[in-house]
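For reference, the chains in residue letters:
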Amino acid sequence: QVQLVESGGGLVQPGGSRRLSCVASGSTTSIAAMGWYRQAPGKQRELVATITRGGSTNYADSVKGHFTISRDNAKNTVDLQMNSLKPEDTAVYYCHALRWGVNYWGKGTLVTVSS
């Protein structure tokens with residue numbers, strides 16, 4: 001089992017920045033990919049960004065150039081640096097980990113972009 005705990009959500013003004021962090025605990029060896037997904041009110045959960053153990057990244061088109069994902073394998077953490085935030089980035093952000101074909105999710109952290 002892998003447990004994921006997110007932090008860093010909150011209220012941010014349009015154009016502002018926010019950094020989300022996620023720490024994994026439990027059976028953290030052999031976690032292949034980690035990443036962030038988000039779910040806006042009334043919408044389905046969608047991919048934001050993922051990163052493999054080797055550092056390969058993948059981003060949703062909507063966040064390319066604005067968000068940066070990073071990972072520390074030694075600390076079992078994955079961060080999401082979000083810049084130039086827009087109201088449409090408002091969502092609950094979920095940390096994700098993939099280990100031996102099993103998906104693990106955090107409980108989510110709310111990011112609200114509003115003036």
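Residues numbered from 1 in each chain as written. Predicted model: local features only at pLDDT ≥ 70, side-chain atom pairs only at ≥ 80, totals over all residues. Heavy atoms only, no water.

Caption draft 1: Region of the structure containing the pairing of strand β5 (residues 46–52). As paired elements, strand β4 (residues 31–39) and β5 share six bridges and run antiparallel to each other. Along β5, the bridge assignment pairs G35 with T50. Hairpin connection of β4 to β5: six residues between the antiparallel strands, including G42 at a positive phi of 75°. Where β5 and strand β6 (residues 57–59) come together, three bridges link them in antiparallel fashion. Its bridge partner being in β6, A49 is matched across the sheet by Y59. From the end of β5 to the start of β6, which pair antiparallel, there are four residues, and G55 there has a positive phi angle of about 100°. (Pairing = 2+ DSSP bridges. Helix = DSSP H or I, 4+ residues; strand = E, 2+ residues; numbered from the N terminus.)

Caption draft 2: Representation of the side chain of T50 within the structure. Residue placement: T50 occurs in strand β5. Residue T50 is classed as buried on the basis of its relative accessible area of 17%. T50 has contacts with M34, G35, Y37, S56, T57, N58 and I69, leaving out every residue within four places of it along the chain. (Buried < 20%, exposed > 50% of the residue type's maximum accessible area, 1.4 Å probe, protein only. Contact = heavy atoms within 4.5 Å.)

Caption draft 3: Layout of the nonpolar core. Within the largest apolar cluster, 29 residues are counted, with the highest numbers of intra-cluster contacts made by L4, W36, L80 and Y93. Mapped by element, the contributors of at least two residues to this core are β1 (2–7), β3 (18–26), β4, β5, β7 (67–72), β8 (77–82), β9 (91–99) and β11 (109–113). Of the residues forming this core, the biggest block, four residues, is contributed by β9. When near neighbours in sequence (up to four residues on either side) are disregarded, L4 contacts C22, V23, A24, M34, C95, H96, A97, Y104, W105, G106 and K107. (Core = buried A, V, L, I, M, F, W, Y, C linked by side-chain atoms within 4.5 Å.)

Caption draft 4: Structural detail: the state of the cysteines. Going through the model one piece at a time under the given rule, you end up with one disulfide. Between the sulfur atoms of C22 and its disulfide mate C95 the distance is 2.1 Å. In this structure the cystine formed by C22 and C95 twists about its S-S bond by roughly -85°; its chirality is therefore left-handed. Remark: C95 occurs in strand β9 and C22 occurs in strand β3; sequence separation between them is 73 residues. The burial state of C22 is the same as that of C95; both residues are buried. (Disulfide = S-S within 2.5 Å.)

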